[in-house]
Amino acid sequence: MSDTDLTGKTAIVTGSTQGLGADIARGLAQRGANVVVVGRSRDAGQALAASIGARALFSATDIGDDAQIQACIAQTRAHFGGLDILVNNACQYADQGLASSRAQWHATLDTNLISAAMFAQFAAPWLPRGGVVINMGSTGGKFGAAGRAIYPASKAALLQITRNFAVELAPAGIRVLAVSPAWTWSPSVESLSGGDRAQADAVGAHFHPLGRVGGGEEVAAVVCFACSPAASWMTGVDLPVDGGFSILGPDQGQSPRSWFARLGGQGG
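Calculation criteria
Residues numbered from 1 in each chain as written. Predicted model: local features only at pLDDT ≥ 70, side-chain atom pairs only at ≥ 80, totals over all residues. Heavy atoms only, no water. Pairing = 2+ DSSP bridges. Helix = DSSP H or I, 4+ residues; strand = E, 2+ residues; numbered from the N terminus. Axes fitted to C-alpha atoms, helices over the stretch in contact; angles between N-to-C directions. Contact = heavy atoms within 4.5 Å. Parallel < 35°, antiparallel > 145°, perpendicular 65-115°, else oblique. Left-handed = near helix turned anticlockwise from the far one by under 90°. Nonpolar A, V, L, I, M, F, W, Y, C, P; charged D, E, K, R; others polar.

Q: Go over the sheet that holds strand β1 (residues 10-14) with me, naming the residues and quoting the values.
A: Whether parallel or antiparallel, the strands of a sheet pair through hydrogen bonds between backbone atoms. Pairing is parallel in the open sheet, where seven strands are placed in the order β3-β2-β1-β4-β5-β6-β7. This sheet does not close on itself; its edge strands, each paired only once, are β3 (56-60) and β7 (238-241). Averaged over neighbouring strand pairs, the angle between their axes works out to 20° when direction is ignored. Bridging between strand β2 (residues 34-39) and β3 involves five bridges; their strand directions are parallel. Among the inter-strand pairings, V38 is bridged to a residue of β3, identified as S59. Where helix α3 (residues 66-80) meets the sheet, its contacts fall on β1, β2 and β3, and the angle it forms with β3 comes to roughly 160°. Lying on the sheet, helix α4 (residues 102-123) is in contact with β1, β4 (85-88) and β5 (132-136); it crosses β4 at an angle near 170°.

Q: Describe the packing of α3 against α4, naming the residues involved and giving the relevant values.
A: Pairs of packed helices are described in terms of their axes, by the angle between the two and the distance that separates them. The interhelical angle for the contact between α3 and α4, taken along N-to-C directions, is 45°, at an axis separation of 10 Å. It follows that α3 is oblique to α4 by the angle criterion. In this structure, α3 meets α4 at a crossing whose hand is right-handed. Contacts from D66, I69, Q70, C72 and I73 in α3 reach S115, M118, F119, F122 and A123 in α4. Across the contact of α3 with α4, the residue classes break down as seven nonpolar, two polar and one charged.

Okay, structure coming up:
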């Protein structure tokens, strides 16, 4: 058995009926874990669970409702006999930056931040020593961007509670980590590119030194590593899975000479 094998572990993945959450659920199952697919889309959730097989269970859960969160945890324990891993992946993107309404702030923070905190609170008493909580962050929570406010604020706050919860849960032997992707081939990027992966890669190459957008399976692989014994001495930190996005400054990794040369070329 390898250090990244998750056989016998049980994971809840919120927001996993599609996109990155579904990729994470599949990745955990491929490494031997039982997986609870959590979301509100019954058809999509049941289809994903069926495609994974007997080690998957769909739980129709509104994570904005504490009673439903607790019911999901109870259902998980009853079906699989325990709970070892929580992946807080669910999020929404409604954001009009400075013009965002109070209702938009409340709705997005409730999904992206508060529900993740509540899920961790209710799951923690059932997690064993060696249990893991993964909060899905984002490069969006680390840098400024015009026209956005709520989503980046929620992700920045999620990175902070990762640190706080890691300290609080360490005496119980529970690790808390964040995983932060950059642009990833997902429903949102697929929509923006009209379903053209090559176009998405061409645009993404401007911001990712590795020259493309990421794959959901690549992010899932890092989540699986973070959940595994191979990461047993890691807690309270963020793992960037971003193709180098976070190492670039506003100059996009180009020297002043390069930028002046471009300006000179335009002037000529």
